[in-house]
Amino acid sequence: MTAHNPATPEYRPQTQLVHGGTLRSGFGETSEALYLTSGFIYDSAEQAEARFKGDDDGFIYSRYSNPTVRMFEERMMLLEGAEDARATASGMAAVTTAMLCQVKAGDHVIAAKALFGACLYVVNTLLPNLGVECTLVDGRDLEAWKAARRPNTKVFFLESPTNPTLELVDITAVAEIAHECGARLVIDNVFATPILQRPLQLGADVVVYSATKHIDGQGRVLGGIILSDAQIIGEHVHDFLRQTGPSISPFNAWVLLKGLETLSLRVRQHCDNAKSLADFLATRPQVKRSIYPYRPDHPQYELAKKQMSAGSTMVAIELDGGKQEAFSVCNALKLIKISNNLGDAKTIITHPTTTTHYRIGEEARQELGITPGVLRISVGLEDVEDLKDDLGQALKSY
Ligand SMILES: *Cc1c(COP(=O)(O)O)cnc(C)c1O
């Protein structure tokens with residue numbers, strides 16, 4: 001019943017976000033259909049045989065692929081300019097797959113130190129347990145990336161901007177350093193979103209997302225995606241996912257497809273609100289530092305302008321105070337919610353020292369500049385004046 005509406009790369013990104021990858025059934029529905037099915041029926045035993053042999057490209061089983069999931073993948077490919085993609089159950093399933101499918105015992109990876117907590121576990125605990133050595137470097141220090149290379153280095157991994165202190169890594173420069181030694185560069189692009197930064201165009205080989213964040217954008221479902229060229233997806237990612245099964249639910253893929261239609265509108269508004277809020281916070285006497293990549297006082301402002309089209313949806317502040325003052329501000333907020341998610345329509349505040357970065361320990365936090373006075377704000381879609389009022393009154397609480 002399904003007619004494939006072929007990918008339409010000639011359209012601009014905003015048009016892709018609305019139409020890209022649609023597989024319309026014989027009923028001619030306007031909205032993308034939700035194919036909530038685990039299996040698929042074959043017309044004949046011969047057709048079943050042909051599907052399994054790969055001579056017929058229809059669907060087989062939803063652990064492998066599903067029409068709703070494929071629509072989500074194709075729309076993301078068109079947006080990102082990737083040859084192929086595979087969606088996963090969560091962002092961490094995407095990161096874990098992207099790393100594990102490219103290495104074997106005896107290989108070496110290099111990763112930036114400033115990583116999402118669970119990503120740090122994957123590169124620094126899980127991979128070494130499996131016989132893959134990992135070197136952590138300061139992602140901003142290009143000489144450190146170069147010096148860490150070994151003949152068996154297979155993968156470089158980084159996030160930019162970093163969580164929660166919004167430091168940047170020069171993606172083009174690190175990609176060159178990786179390619180010189182025959183390694184591939186994997187980027188976790190969650191903080192930048194596909195709207196602000198295009199890692200594949202900057203030289204990266206693989207880009208991964210937690211779609212749970214801005215791609216859903218309303219804090220409803222978990223999901224992830226890996227995008228790359230046809231060879232890396234075909235030779236490494238495809239079999240790993242099929243045989244290990246961290247598949248996304250078609251329902252979640254459908255929610256994410258709906259999220260994509262408004263992604264660029266939302267991200268632009270998030271960024272406008274974030275910049276305005278960062279500028280406001282910089283004027284408050286209780287705030288020692290207002291950290292935002294598109295503020296001229298950000299140490300990597302020039303790099304931010306070079307590789308990102310806006311300064312991110314996140315703001316970090318360092319208070320003139322410690323844990324007690326940070327808790328006082330959080331507890332005095334009336335509109336802004338205390339949570340650890342990000343990329344939501346609702347503004348969310350996080351105290352990294354006691355939550356998302358609690359487990360990495362004091363020494364690692366110090367190295368990353370995560371002091372007890374740091375608060376991370378995922379700026380939502382409310383009227384920014386209400387956000388300023390709320391933070392303004394909360395800052396006066398101590
Ligand atoms: C949230 C997040 C992840 C993990 O994504 P899940 O969907 O929660 O599994 C990975 N990297 C970054 C930068 C994130 O913010």
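Residues numbered from 1 in each chain as written. Predicted model: local features only at pLDDT ≥ 70, side-chain atom pairs only at ≥ 80, totals over all residues. Heavy atoms only, no water.

**Focus: the sheet that holds strand β8 (residues 206-210)**
Taken in spatial order, the 7 strands make up an open sheet running β3-β9-β8-β7-β6-β4-β5, and their pairing is mixed. Of all strands in the sheet, those with a lone pairing partner are β3 (84-88) and β5 (133-137), marking the two edges. The sheet shows a mean angle of 20° between the axes of neighbouring strands, taken without regard to direction. In this sheet, strand β7 (residues 184-188) lies alongside strand β6 (residues 153-159) in parallel orientation, the contact comprising 5 bridges. From the neighbouring strand, Phe157 faces β7, where its bridge partner is Val186. This element, helix α9 (residues 230-244), spans β3, β7, β8 and β9 (224-228) of the sheet and lies at about 25° to β3. (Pairing = 2+ DSSP bridges. Helix = DSSP H or I, 4+ residues; strand = E, 2+ residues; numbered from the N terminus. Axes fitted to C-alpha atoms, helices over the stretch in contact; angles between N-to-C directions. Contact = heavy atoms within 4.5 Å.)

**Comments concerning helix α15 (residues 384-395)**
With 12 residues, α15 ought to run about 16 Å at 1.5 Å a step, and its terminal C-alpha atoms sit 16 Å apart, in line with that. The complete set of buried residues in α15 reads Val384, Leu387, Lys388, Asp390, Leu391, Gly392, Ala394 and Leu395. Buried-residue contacts for α15 involve α11 (263-282), β10 (287-291), β11 (314-319), α13 (323-332), β13 (348-350) and β14 (374-378). Between the side-chain oxygen of the N-cap and the backbone nitrogen of Glu385 there are 2.9 Å, and the N-cap of α15 in question is Asp383. (Expected span 1.5 Å × (residues − 1). Buried < 20%, exposed > 50% of the residue type's maximum accessible area, 1.4 Å probe, protein only. Polar contact = N/O pair within 3.5 Å; in protein donor to acceptor, adjacent residues only side chain to side chain.)

**Points about the side chain of Asn66**
With respect to the helices and strands, Asn66 occurs in the loop between α2 (45-53) and α3 (67-80). Within the structure, Asn66 has its side chain in polar contact with the side chain of Ser62 (distance 3.0 Å). In contact with Asn66, other than residues within four places in its own chain, are Tyr35, Thr37, Phe40, Phe59 and Pro250.

**Thoughts on the domain arrangement of the protein chain**
Under the domain assignment, the protein chain is made up of domain 1 (11-260) and domain 2 (264-395). One C-alpha centre belongs to domain 1, the other to domain 2, and the line joining them spans 27 Å. The partner domain 2 presents 34 residues to the 34 residues of domain 1 that form the contact. Both faces combined, the contact of domain 1 with domain 2 buries some 2900 Å², and carbon together with sulfur accounts for 60% of it. At the junction of domain 1 and domain 2, the tally comes to 2 salt bridges. Of the charged contacts in the structure, one is a salt bridge between Lys306 and Asp170, with a shortest N-O distance of 3.6 Å. Here domain 1 and domain 2 share 16 residue pairs in polar contact (both at pLDDT 80 or more) between them. Those elements that place two or more of their residues in the side of domain 1 that touches domain 2 are α1 (13-19) and α8 (193-196). Per-element tally for the side of domain 1 that touches domain 2: the top contributor is α8, with 3 residues. Its residues assigned to classes, the side of domain 1 that touches domain 2 shows 17 nonpolar, 11 polar and 6 charged. (Domains from an automatic or database assignment. Buried area = accessible area lost by both parts, 1.4 Å probe. Salt bridge = Lys/Arg side-chain N within 4 Å of Asp/Glu carboxyl O. Nonpolar A, V, L, I, M, F, W, Y, C, P; charged D, E, K, R; others polar.)

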